[in-house]
Amino acid sequence: MVDDGSTDGTREYLANLSGQVPAAERRDPSVAADGLVILFNERNFGKGWSLRRGFEVATGEVVIVQDADLEYDPHDYPALLAPIERGIADVVYGSRFLGGPHRVLYYWHYVGNRLLTTLSNMLTNVNLTDMETCYKAFRSEVLQSLVLTERGFNIEPEITAKVARGNWRIYEVPISYHGRTYAEGKKIRWVDGVRAICAILRHNLLPQRRGNRR
């Protein structure tokens, strides 16, 4: 678990689990009694930063990203894992647009997602239905091959560009989605869509620099 400078009590709860005081960022993870590995960021650095920190210390054969807000349902883990367990996939995307149950919310969010996915598909030449999904499962070898640099939400198009460039086997499966309203804490804004377009162009068209994970 990576706590990205939360202020809602989660930080203190995790600190109690690990027996540590999260006073400052730690490169060495805390380990709770049940083996749960916990990382504390000293402040909010962004989703991409936190994912990269988590990827650094993950030791399993397969890694699934789970956001804490539970818009994505852990009951869908078996569906995400199935293509990897069968040996036919290296990366599995959980698509919100393949027929799974989902909460009906914002039309223009749907339009924006489709536009971003289409632009990404055009440049990667992969035919995804939901590039921006936060539910992705990876064989550990895939993550070890990726040099990721984004700190915010743009980690999603960056991952897709680099997975496609690596010719890894990608599958999609339908998942359920329990989206939130802005009153319930939704953070995505129109400016994030503009940033995503820039990230798609940057990671697909520009020469890729070597970057560190921090």
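Please refer to the structure higher up on the page.
In this text the structure is predicted, and so the values were computed from the model without any measurement. Sequence order as written defines the numbering, with residues in each chain counted from 1. pLDDT decides what is reported in this predicted model: residues at 70 or higher carry local features, side-chain atom pairs at 80 or more are listed and counted, and totals for whole chains, interfaces and linings draw on all residues regardless. Think of the side-chain values as coming from all heavy atoms in the structure, minus any hydrogens and water.

Asker: Break down the packing of aromatic side chains for me, citing the residues and quoting the values.
Answerer: Classification of ring pairs uses Phe, Tyr and Trp, with its six-membered ring standing for Trp, and accepts pairs whose centres are within 6.5 Å; under 30 degrees between planes counts as stacked, over 60 as edge-to-face, and the remaining range as tilted. Using the criterion set out here, one finds seven aromatic pairs in the structure. For the pair Tyr77 and Tyr135, a centre-to-centre distance of 6.1 Å together with 55° between the ring planes defines the contact as tilted. A residue pair is termed long-range when its members are at least 10 positions apart, and Tyr77 in helix 3 (residues 77-85) and Tyr135 in the loop between helix 4 (107-124) and strand 6 (136-139) qualify at 58 residues. Each residue is assigned to one of three classes by its accessible area relative to the maximum for its type, calculated with a 1.4 Å probe on protein chains only: buried under 20%, partly exposed between the two thresholds, exposed over 50%. Overall, the relative accessible area of 0% leaves Tyr135 in the buried class. Numbering of helices and strands starts at the N terminus; helices are DSSP runs of H or I of at least 4 residues and strands are runs of E of at least 2.

Asker: How would you explain helix 2 (residues 47-57) if you had to name every residue and give the values?
Answerer: Where burial is concerned, most of helix 2 is hidden: eight out of the eleven residues are buried. The contact rule is simple, with two residues in contact once any of their heavy atoms fall within 4.5 Å. Here the buried face of helix 2 lies against strand 1 (2-3), strand 3 (37-40), strand 4 (62-64), helix 5 (140-145) and helix 6 (155-165).

Asker: Outline the sheet that holds strand 5 (residues 91-95), supporting the account with residue identities and numerical values.
Answerer: A pair of strands is considered paired only if DSSP assigns at least 2 bridges between the two. Taking strand neighbours across the sheet as the criterion, the four strands line up as 4-6-5-7 in an open arrangement whose pairing is mixed. The open sheet has two edge strands with one neighbour each: strand 4 and strand 7 (170-174). Going from strand to strand, the sheet's axes swing by 20° on average, the running direction of each strand aside. Relative to strand 6, strand 5 runs antiparallel, the two being bridged by three bridges. Paired with Val92 across the two strands is Ala137, which belongs to strand 6. Each of strand 5, strand 6 and strand 7 is contacted by helix 6, which is oriented at about 40° to strand 6, the strand it contacts most. Lines are fitted to the C-alpha atoms to define the axes, a helix being fitted only along its stretch in contact, and any angle between axes, read from their N-to-C directions, falls within 0 to 180 degrees.

Asker: Please give an account of the pattern of salt bridges that cites residues and values.
Answerer: Salt bridge criterion: a side-chain nitrogen from Lys or Arg within 4 Å of a carboxyl oxygen from Asp or Glu. In total, this model carries eleven salt bridges according to the counting rule given. Between Asp130 and Arg96 there is a salt bridge, with its nearest N and O atoms 2.7 Å apart. Here Asp130, found in the loop between helix 4 and strand 6, pairs with Arg96, found in the loop between strand 5 and helix 4; they are 34 residues apart in sequence, far enough to count as distant. Like Arg96, Asp130 is buried. Close ionic contact of Glu156 with Lys136 constitutes a salt bridge, the shortest N to O distance being 2.5 Å. Note that Glu156 is positioned in helix 6 and Lys136 in strand 6, a separation of 20 residues in sequence.

Asker: Please provide a residue-by-residue account of the nonpolar core, values included.
Answerer: The nonpolar core is taken to be a set of buried Ala, Val, Leu, Ile, Met, Phe, Trp, Tyr and Cys residues, with the residues joined through side-chain atoms within 4.5 Å. Grouped together as the largest cluster of nonpolar side chains are 19 residues, with contacts concentrated most on Phe55, Phe138 and Ile159. Only helix 2, strand 5, helix 5, helix 6 and helix 7 (190-205) provide two or more residues apiece to this core. For this core, the leading source of residues is helix 6, giving three residues. In this structure, Ile159 is in contact with Tyr93, Lys136, Phe138 and Leu148, ignoring residues within four places of it in sequence. Residues Tyr72, Ala137, Val173 and Tyr177 belong to the second largest nonpolar core, which totals eleven residues.

Asker: For the pairing of strand 3, give the residues involved together with the corresponding values.
Answerer: Where strand 1 meets strand 3, two bridges bridge the pair, whose relative direction is parallel. If you follow Val2 over to strand 3, its bridge partner there is Leu39. The pairing of strand 2 (residues 30-31) with strand 3 spans two bridges and is antiparallel. In the strand pairing of strand 3, Val31 is matched with Val37.

Asker: Report on helix 1 (residues 10-18), specifying residues and quantitative values.
Answerer: Taken as a whole, helix 1 has its buried residues at Arg11, Leu14, Ala15 and Ser18. In a view along the axis of helix 1, the buried residues occupy a sector of 105°, so they form one face of it. Projecting away from the buried face of helix 1 at angles above 90 degrees are the exposed residues Tyr13 and Asn16. The inward-facing, buried residues of helix 1 abut strand 1, strand 2 and strand 3. After helix 1 finishes, the residue Gly19 shows a positive phi value of roughly 75°. Arc definition: it is the arc formed by the directions from the helix axis to the C-beta atoms.

Asker: Break down the packing of helix 6 against helix 7 for me, citing the residues and quoting the values.
Answerer: Where helix 6 contacts helix 7, the axes come no closer than 9 Å and their chain directions differ by 25°. The orientation of helix 6 with respect to helix 7, classified from their angle, is roughly parallel. In the packing of helix 6 onto helix 7, the handedness of the crossing is right-handed. Residue-level contacts link Pro157, Glu158, Ala161, Lys162 and Arg165 of helix 6 to Ala196, Ala199, Ile200, His203 and Asn204 of helix 7. Residue classes follow a fixed rule: Ala, Val, Leu, Ile, Met, Phe, Trp, Tyr, Cys and Pro count as nonpolar, while Asp, Glu, Lys and Arg count as charged, and any other residue, Gly among them, counts as polar. Classifying every residue of the contact of helix 6 with helix 7 by side-chain character gives five nonpolar, two polar and three charged. Any angle that is under 35 degrees is reported as roughly parallel, and any over 145 degrees as roughly antiparallel; angles of 65 to 115 degrees are reported as roughly perpendicular and all others as oblique. We call a crossing left-handed when the near helix sits turned anticlockwise from the far one by less than a right angle, and right-handed when that turn is clockwise.

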